[in-house]
Amino acid sequence: MSETEIPSNGGRAAGAGILLEDVTKRFPGQEKPAVGGLTMEIPQGSIVMLVGPSGCGKTTTLKMINRLIEPTSGRIILNGEDVTGIDGDQLRRGIGYVIQAGGLFPHMTVAANIAVVPKMLNWDKERIRSRVDELLELVSLDPALYRDRYPKELSGGQQQRVGVARALAADPPVLLMDEPFGAVDPITRQRLQDELLHIQSELHKTIVCVTHDFDEAVKLGDWIAIFDEGAQLVQYDSPERILASPANEFVENFIGSGAGLKQLTLTRVNEVDLVMPVTASVGDLTSDTLSRLQGAGEQNAVVLDERGRPIQWLSRRQLSRLDRHTDAVDPRLPVIGNQATLNDALDTMLVSSTGAALVTGPRESFLGMVTVQTVMEAITAANDAAQQGSSSAPVGINSGMIQRAGDPVPVQDVAGTGAPQ
Ligand SMILES: Nc1ncnc2c1ncn2[C@@H]1O[C@H](COP(=O)(O)OP(=O)(O)OP(=O)(O)O)[C@@H](O)[C@H]1O
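Residues numbered from 1 in each chain as written. Predicted model: local features only at pLDDT ≥ 70, side-chain atom pairs only at ≥ 80, totals over all residues.

Draft legend 1. Up close: the overall build of the protein chain. Scanning the protein chain for helices and strands turns up 17 helices and 17 strands. Taking all 421 residues of the protein chain together, the buried fraction comes to 40%. Considering only intrachain contacts with a sequence separation of at least 6, the fraction spanning at least 24 residues in the protein chain is 66%. (Helix = DSSP H or I, 4+ residues; strand = E, 2+ residues; numbered from the N terminus. Buried ≥ 20, exposed ≤ 12 C-beta atoms within 10 Å, placed from the backbone. Contact = placed C-beta atoms within 7 Å.)

Following this line, the structure appears as structure tokens:
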């Protein structure tokens, strides 16, 4: 066993798969279980978001993974090994845990907060010091400025970042997060979400995250588990498929209005076919551009500077007033980078009241346009793709049957024969 007591799969930064196997939690004096017979697979290296109405058992499920809450029955398997019986304190040293507002110790400096688990693991001082600085860099806090501060000397977003750094300190394969970005303003929240995705793209942890915010689940989750009371899994699937085919009315209500628009946050501009308009270069004759527009049956041309960056977007009427294209830069051009989402593209179009957004790539060079038509087609394509098959969804069901949430219940299950699929 490794020093963290988590069954290790060798790689320093790799995540570990988790399997909850028919897990139930009954609190004393409660009539119904908080979590009833939950079997759920959390694939290694993925982000699984737990969502559902207040009191449905999300936090209880999360805390059973690191045994802050002991299951009444069932097993928790980490990386293929049953950890239900191992010492809870040791287990928790190998599982990062992030809670709202960071959950920092107020009387300890930032560095001391981050160092809690490494100290328990008896790392030497130099190793701890360099790890603290490395983690502060990772969460975008300058170590020289922040390492010796106390939590009360930090903003909410900074406290949250330190909370993430602390959870990552001993490089645990698993990270549990309970409403991690619940206590910060929407802009900081968005930034922290982006940072988490960036960190995850480097570290590939197995992350289980509770949220109240369905949009956050769509943005962060590889998989979303939608719970009803008693942690009954109503649907467990990719954000794309949940948005395109909600299992039932409960899920539809949960998604709320604008499922199509939410889908737009899942597609990046670099994944769609761009439209190439008529372009012209600084110094070209506008009469040439006009005749090319005529030939193409188009109304507007994009003017590029000497480095291929879009600087103007002119109508035929504007062109007819000019002799040659100038190098004036229009500051209101609806420009987006090709990493932006289709939702960003649509926003840009709406703000600038244009039917398209100009897309730039490396060094702001012009790549083409996203049009309203492109956006509409992308929604349709995402729907079609999402409708096709659900083969890769992880296992998720209550009452011990191995079956995917959202699948039609087979006849023998109704009859209670319990035959696995
Ligand atoms: N220590 C406890 N003792 C008794 N009942 C509890 C305890 N902790 C939680 N519960 C009950 O278990 C159920 C599930 O609670 P849990 O905190 O897991 O829900 P949740 O989905 O995380 O809710 P929220 O979104 O409001 O945080 C609730 O009915 C709650 O009242």
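Draft legend 2. Here's a closer look at the pairing of strand S7 (residues 174–178). Across the five residues that make up S7, a large majority, five, are buried. Here S7 shows a buried face lined by Val174, Leu176 and Asp178 and a second buried face lined by Leu175 and Met177. Remark: the S7/helix H8 (residues 186–203)/strand S8 (residues 206–210) crossover connection has right-handed handedness. (Right-handed = clockwise from strand over helix to strand, strands pointing away.)

Draft legend 3. Inspection of the domain arrangement of the protein chain at higher detail. As assigned here, the protein chain comprises domain 1 (18–257) and domain 2 (269–380). For domain 1 versus domain 2, the distance between C-alpha centres works out to 42 Å. (Domains from an automatic or database assignment.)

Draft legend 4. View of the UniProt feature "domain: ABC transporter" (unreviewed entry) in the protein chain. With numbering matched to this structure, UniProt assigns "domain: ABC transporter" (unreviewed entry) to residues 18–255. As annotated, residues 18–255 has a helix share of 39% and a strand share of 24%, and its two end C-alpha atoms lie 26 Å apart. (UniProt positions renumbered as here; feature names shortened; annotations may be inferred.)

Draft legend 5. Main features of the site of the ligand. Every residue near the ligand is listed here: Phe27, Gln30, Ala34, Gly52, Ser54, Gly55, Cys56, Gly57, Lys58, Thr59 and Thr60. Looking at the shell around the ligand residue by residue, the class counts come to three nonpolar, seven polar and one charged. (Near = placed C-beta within 6 Å. Nonpolar A, V, L, I, M, F, W, Y, C, P; charged D, E, K, R; others polar.)

Draft legend 6. Representation of the sheet that holds strand S16 (residues 366–371) in the model. Pairing in this open sheet of three strands is mixed, and the strands run S14-S15-S16 from one edge to the other. With partners counted over all chains shown, the strands left at the sheet margins are strand S14 (335–337) and S16, one partner each. Averaged over all pairs of adjacent strands, the angle between strand axes in this sheet comes to 35 degrees, irrespective of strand direction. As judged from the five bridges shared by strand S15 (residues 356–360) and S16, these two strands associate in the antiparallel manner. Residue pairing across strands places Val359 opposite Gly368, the latter belonging to S16. Against the sheet, helix H15 (residues 342–352) touches S14, S15 and S16, its axis set at about 125 degrees to S15. (Pairing = 2+ DSSP bridges. Axes fitted to C-alpha atoms, helices over the stretch in contact; angles between N-to-C directions.)

Draft legend 7. The arrangement of the nonpolar core in detail. Residues Met49, Leu50 and Ala225 are the most contacted members of the largest nonpolar core, which totals 101 residues. Inspection of this core shows a minimum of three residues originating in each of domain 1 (18–257) and domain 2 (269–380). Among all residues touching Met49, those that are not within four sequence positions of it are Cys209, Thr211, Ala217, Leu220, Gly221, Ile224 and Ala225. (Core = buried A, V, L, I, M, F, W, Y, C linked by C-beta atoms within 7 Å.)

Draft legend 8. Layout of the environment of Leu192. Inspection of the secondary structure assignment puts Leu192 in helix H8. On the basis of neighbour count, Leu192 is assigned to the buried category, with 20 C-beta atoms found within 10 Å. Separated by 88 residues in sequence, Leu192 and Ala280 have C-alpha atoms that sit 40 Å apart. Not counting chain neighbours up to four residues away, the residues in contact with Leu192 comprise Gly157, Gln160, Phe181 and Val184.

Draft legend 9. Quick peek at helix H7 (residues 156–168). Here H7 is 13 residues long and its end C-alpha atoms lie 19 Å apart, about the 18 Å a rise of 1.5 Å per residue gives. Most of H7 is tucked away, with eleven of its 13 residues classed as buried. All of the buried residues along H7 are Gln158, Gln159, Gln160, Arg161, Val162, Gly163, Val164, Ala165, Arg166, Ala167 and Leu168. Packing partners of the buried residues in H7 comprise strand S6 (95–99), helix H3 (110–114), helix H4 (116–120), helix H5 (125–138), S7 and H8. (Expected span 1.5 Å × (residues − 1).)

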